[in-house]
Amino acid sequence: MGTLAVGVATLGYAVGIERRRWQLRTAELPVLAPGTRPFTVLHISDLHMLPGHRAKQRWVAALGELQPDLVVNTGDNLSHRTAVPSVLRALGPLLDRPGLFVFGSNDYYAPKPKNPARYLMPRGKKKRIHGTQLPWRDLRAAFVEHGWTDLTHVRRTVDIGGRAVFAAGVDDPHLHRDRYSDIAGPADTTATVRLGVTHSPEPRVLDTFATDGYDLVLAGHTHGGQLRIPGYGALVTNCELDRTRARGASRWGAHMWLHVSAGLGTSPYAPARFACPPEASLLTLVPRGSGATGPRKPAPRTAAKPVR
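Calculation notes
Here, residues in each chain are numbered from 1, in the same order as that chain's written sequence. pLDDT decides what is reported in this predicted model: residues at 70 or higher carry local features, side-chain atom pairs at 80 or more are listed and counted, and totals for whole chains, interfaces and linings draw on all residues regardless. Processing note: side-chain calculations cover all non-hydrogen atoms of the structure and skip hydrogens and water entirely. Secondary structure elements are defined from DSSP: runs of H or I of at least 4 residues count as helices, runs of E of at least 2 residues count as strands, and each element is numbered from the N terminus. Whether two residues touch is decided by their heavy atoms; if any such pair falls within 4.5 Å, the residues are in contact. Note on areas: Shrake-Rupley, 1.4 Å probe, and residue coverage restricted to the protein chains presented here. The definition of a nonpolar core used throughout is a set of buried Ala, Val, Leu, Ile, Met, Phe, Trp, Tyr and Cys residues joined through side-chain atoms within 4.5 Å. Exposed residues in this analysis have more than 50% of their type's maximum accessible area, buried residues have under 20%, and partly exposed residues fall in between, with area computed by a 1.4 Å probe over protein chains only. Here a strand pair is declared whenever DSSP counts at least two bridges between the two strands. Assignment of crossover handedness uses the view with strands pointing away from the viewer, where a clockwise path from the first strand over the helix to the second indicates a right-handed crossover. Axis geometry follows a simple rule: fit a line to the C-alpha atoms, using only the stretch in contact for helices, then measure angles between N-to-C directions, giving values from 0 to 180 degrees. Residues are grouped as follows: Ala, Val, Leu, Ile, Met, Phe, Trp, Tyr, Cys and Pro are nonpolar; Asp, Glu, Lys and Arg are charged; all remaining types, including Gly, are polar. Two rings from Phe, Tyr or Trp (for Trp, the six-membered ring) form a pair when their centres sit within 6.5 Å of each other. Planes less than 30 degrees apart are called stacked, planes more than 60 degrees apart edge-to-face, and all others tilted. Our arc is simply the arc of the directions from the helix axis toward the C-beta atoms.

**Details of the overall build of the protein**
Check the secondary structure of the protein and you find six helices and 15 strands. Partitioning the contacts of the protein with sequence separation of at least 6, the portion at a separation of at least 24 is 76%. With an accessible surface of roughly 13,300 Å², the protein has 55% of that area assigned to carbon and sulfur atoms.

Encoded structure:
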């Protein structure tokens, strides 16, 4: 009876409390040339928005008070065919900032019920299940109309306050839609920073970004593991990335950094998080060798403003 009570209490916390305990995580990443003025990147991922997610929409909209220099959205914005207005309501204040984006599987297809045990199976034995198609073209058109840059299989140089940001992205590797050959080649060495953007942080994609000289790759998809064991970490990443990199910043090779967002949502059919609160990330890019502190403790869930 005691074990059952603990299990029920844990499930209640994971479903009823933690999945709504949104946090702002901060980090300093030393990826700029010496002497370069730092700038901030707000990393948003995995909203998995439903029309009824009003509290989440208000929390994300409040992130506009941070006034980041650049917003990067790494996909999985939708969970319902009528959720595009809800996503735009949440991101509204941020759409006035310079932005980059790619899409993930749950921008293209609605989620479907799945056996949770399938996430523990070897990847090669998993049958891919797609839901109904979602209105990703409408979402893309709205993002582009507001000035955000779609990085799907393109390379672009974006001016951020007089600094050249060279960026490239791929379509979702989780769906095997990535075509890195479309953007292959050395990154622009004259740019202030070179950013790679992908939804799923598949090592095969990360290796090619590193080979081409990118400084930082931003990704989502993993939900940070979604269910983590204190002292052990994520059980799975739902991709080929090792579980120790399921969320946060880490080095990838000798030069490149990787940042994986734990995301702000869950599938409506698996609405639980444990030891892995939903999050957005404010990354401060600083010069190499500047004594950057790396990842920091998340800020309080309702206090976006004091981070400035």
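**As for the nonpolar core**
Among the nonpolar cores identified, the biggest contains 32 residues, and Leu-42, Ile-44, Val-60, Leu-63, Leu-91 and Phe-143 are the most heavily contacted of them. Of all the secondary structure elements, the ones that give two or more residues to this core are strand S2 (39–44), helix H2 (54–62), helix H3 (84–91), helix H5 (136–145) and strand S14 (279–287). Broken down by element, the residue count for this core peaks at four residues, all from H3. Counting 24 residues, the second largest nonpolar core, distinct from the first, contains Val-31, Phe-39, Val-193 and Trp-257.

**Notes on the pairing of strand S3 (residues 70–73)**
Both faces of S3 are covered, namely the face carrying Leu-70 and Val-72 and the face carrying Val-71 and Asn-73. Sheet topology note: the S2/S3 ladder contains four bridges and is parallel. Opposite Ile-44, over in S3, you have Asn-73 as the bridge partner. Between the parallel elements S2 and S3, the chain passes through H2 in a crossover that is right-handed. Judged from the three bridges that link them, S3 and strand S4 (residues 99–101) form a sheet pairing that is parallel. Bridge assignment links Asn-73 to a residue of S4, and that residue is Phe-101.

**Topic: the packing of H2 against H3**
Each packed pair of helices is defined by two parameters, the angle between the axes and the distance between the axes. Put simply, H2 and H3 touch, their axes get as near as 7 Å, and they point 35° apart. In this structure, H2 contributes Arg-54, Gln-57, Val-60 and Ala-61 to the contact, and H3 contributes Ser-86, Arg-89, Ala-90 and Leu-91. Residues belonging to the contact of H2 with H3 are distributed by class as follows: four nonpolar, two polar and two charged.

**Concerning the packing of aromatic side chains**
All chains considered together, the criterion is met by 11 aromatic pairs. With 5.4 Å between their ring centres and 40° between their planes, Phe-101 and Phe-103 make a pair best called tilted. Both rings, one in Tyr-108 and one in Trp-136, keep their centres 5.3 Å apart while their planes meet at 75°; by these two values the pair is edge-to-face. Here Tyr-108 is found in helix H4 (residues 105–108), whereas its partner Trp-136 is found in helix H5, with 28 residues between them in sequence. For the pair formed by Tyr-108 and Trp-136, the shared burial category is buried.

**Details of the pairing of strand S12 (residues 248–252)**
One ladder, built from five bridges, connects S12 with strand S13 (residues 256–260); its direction is antiparallel. Across the sheet, the residue bridging to Arg-251 is Trp-257, located in S13. Linking S12 back to S13 in an antiparallel pair, the connection comprises three residues, with Gly-253 at a positive phi of about 80°.

**Describing H2**
Helical geometry note: an α-helix holds 3.6 residues per turn, so side chains three or four residues apart project in the same direction. Along H2, the residues that are buried comprise Lys-56, Gln-57, Trp-59 and Val-60. Mapping the buried residues of H2 onto a view down its axis gives an arc of 165°, with all of them on the same face. Those residues of H2 that are buried are in contact with strand S1 (23–32), H3 and S14.

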